[in-house]
Each structure stands twice: as structure tokens, then as C-alpha cells.
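What follows is each chain in one-letter form.
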Amino acid sequence: MIAMLMLFPLLFLCFFSASQAIWLTLPPAATKCVSEEIQNNVVVLVDYAVVPNTSTISVKVSSPYGNSLHDKENTTFGNFAFTTRESGSYLACFWIDYNVAGGDVSVNLDWKTGIAAKDWDSVARKEKIEGVELELRKLEGSVEAIHENLIYLKGREAEMRNVSETTNARVTWFSIMSLGICIAVSVLQLWYLKRYFQKKKLI
């Protein structure tokens, strides 16, 4: 039981500190994009490379409000970093500029955010910590990142709940107005038909 309790923090650390690269397959004459929902004031580090490097690609990264964060053409590799100033979905788009062999092109993309983007080697050298203390510092950073993310998600949930309640209230009023209009039109139709039949002396 004690061994399991000791193993949990290590698994927790590996899960939240590790960063895995993804592979993108770019088709000819088409654009492929990836996006991630990131909150405000988060560090993002990105590395990308064409494999093999016989082809060149263009890369464009945009913020949720359309601001360009990285724009590069005719490249086989690159890297960039930024700190988010807006909360929302950050979009990275890739497309082929030149391909010698034709066909699809593979791109290796390593996208790190938050705690995974932190340079722990520099922190260890600067603060002269190592071993268990460094791992505990990483765990502390992971916990803080999770806490901030939960607060962000809680805020987003409150916003969505307010939007839902507002929409529900508007739909209710619209339904009541529609029902009232239908009743008024029906009454007017009955009144008109009654007058029409009276004029014609049918009733």
C-alpha cells in the first residue's frame, strides 16, 4: 500500500511534466491546422521539423483574436516561444511550399505549454537544487498549473451557464410572444369571419 502511495506522485509527475511530439501528415495543396485551448499568461514552446527535409513548408500561428504569433515560409525546421496574452484557442497551421518527391509531407511538432515548457535545468542550476528536491519542485509546479487550470475552467463554466440562462430566458419570452401573437391572430380571424357572415346574413 505504501509503495502504491509513493508511486502515485511519480506517475503524476510523469503525466503532467512530459511532453510528446506529434506527427502531422500534410497533403499536397492543402492546409492542416492544430489548436489548443490555453489560458492567459502561459508560456508556450514549439519546435517543428520536416521529415525528411527535402521539402519546405509554411507555418502560421495565430492567437484567439487573430493576432499573428509566428509566420514563416519556405522552411524545413524552426522553433519559437511566446507567452499567451489572451485566453482561448491558439491555432497553428502548416502547408507545403515545395515538395521534390510530390505526395504527402510529414512534420514533427513538439508543442509544450505551461509546466512542460519550463527549463528545469536552469532552475536547478540557479537555485542549486537536485534530486528529490527538484522533483518536489516540479510536483509543486504541476499542482499550481492544475489549480490555475481548474480556476480557469470554473470561470468558463460560469460564463457558459450565464449564456445558457440568458438564452433560455430569451427563448421563453419569444415562445410567450409567439403564443400571444397566434392567439391575437386567431381572435381577429374569428371576429372578421363573424362580421363577414353577419353581412352576408348567413348567421
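The protein has the name GOLD domain-containing protein in an unreviewed UniProt entry, where Canavalia gladiata is given as its organism. The heading Subcellular location (unreviewed entry) in the UniProt record of the protein holds the text "Membrane".

Trainee: I'd love a proper account of the packing of aromatic side chains, names of residues and values included.
Mentor: The relative placement of two aromatic rings is captured by the distance of their centres and the angle of their planes. This structure, assessed with the given rule, holds five aromatic pairs. Judged by centre distance (6.1 Å) and plane angle (10°), the rings of F80 and F82 are stacked. With a centroid separation of 5.7 Å and 65° between ring planes, the pair formed by Y196 and F197 is classed as edge-to-face. Given a relative accessible area of 32%, F197 falls into the partly exposed group. By the ring-pair criterion, three or more aromatic residues cluster together here, those being Y48, F80, F82, Y90 and F94.

Trainee: Any chance you could break down the state of the cysteines for me, citing the residues and the numbers?
Mentor: All chains considered together, the criterion is met by one disulfide. Bridging C33 to C93, the disulfide has an S-S length of 2.0 Å. With the S-S bond torsion at 105°, the cross-link from C33 to C93 turns out right-handed. Residue C33 is located in strand β2 (residues 31-38), and its partner C93 is located in strand β7 (residues 88-99); the two are separated by 60 residues in the primary sequence. What makes C33 partly exposed here is its relative accessible area of 36%. Under the relative-accessibility criterion, C93 is labelled buried at 12%.

Trainee: Account for the pattern of salt bridges, naming residues and giving values.
Mentor: All chains considered together, the criterion is met by two salt bridges. Measuring nitrogen to oxygen at the nearest pair gives 2.6 Å for the salt bridge that ties E37 to R156. Taken together, the residues E37 in strand β2 and R156 in helix α3 (residues 132-199) connect sequence positions 119 residues apart. Its relative accessible area of 43% is what places E37 among the partly exposed residues.

Trainee: Talk me through the environment of E86; I want residue IDs and the actual numbers.
Mentor: Position of E86 among the secondary structure elements: in the loop between β6 (77-83) and β7. Looking at E86, the relative accessible area reads 14%, which means it is buried. Measuring from C-alpha to C-alpha, the distance between E86 and Q39 comes to 6.8 Å, with 47 residues separating the pair along the chain. Among all residues touching E86, those that are not within four sequence positions of it are I38, Q39, N40, S63, P64, Y65 and N67. Among the polar contacts listed, one links the side chain of E86 to the backbone nitrogen of Y65, at a separation of 3.3 Å.

Trainee: I'd like a description of the environment of T84, backed by residues and values.
Mentor: Its place among the elements puts T84 in the loop between β6 and β7. Exposure remark for T84: the relative accessible area of 0% places this residue in the buried category. If we ignore the near neighbours within four places in the chain, the residues touching T84 are I38, Q39, N40, N41, V42, V44 and Y90. From its side chain, T84 meets the backbone nitrogen of V42 in a polar contact 2.8 Å long.

Analysis parameters
- Here the residue numbers are simple positions, counted from 1 along each chain's written sequence.
- A pLDDT threshold of at least 70 governs which residues receive local features in this predicted model, and a stricter bar of 80 or more applies before side-chain atom pairs are shown or counted, although totals over entire chains, interfaces and linings include all residues.
- Calculation of side-chain values draws on the structure's entire complement of heavy atoms; hydrogens and water are dropped beforehand.
- UniProt positions are given in the numbering used here, feature names are shortened, and annotations may be inferred rather than shown by experiment.
- Pairing of aromatic rings covers Phe, Tyr and Trp, the last counted by its six-membered ring, and requires centre-to-centre distances within 6.5 Å; plane angles under 30 degrees mean stacked, over 60 mean edge-to-face, and any other angle means tilted.
- Only protein chains enter the accessibility calculation, which uses a 1.4 Å probe; a residue is then buried when its area is under 20% of its type maximum, exposed when over 50%, and partly exposed in between.
- Note that a disulfide, as used here, is simply two cysteine sulfur atoms within 2.5 Å.
- We count a stretch as a helix when DSSP gives it H or I for four or more residues in a row; a strand needs E for two or more, and each element gets its number in order from the N terminus.
- A pairing counts as a salt bridge when a side-chain nitrogen of Lys or Arg comes within 4 Å of a carboxyl oxygen of Asp or Glu.
- Contacts were defined at the residue level, with two residues in contact if any of their heavy atoms lie within 4.5 Å.
- For the purposes of these results, a polar contact is taken to be a pair of N or O atoms within 3.5 Å, where, inside protein, one atom must be able to donate a hydrogen and its partner to accept one; residues adjacent in sequence count only when each atom of the pair is a side-chain atom.

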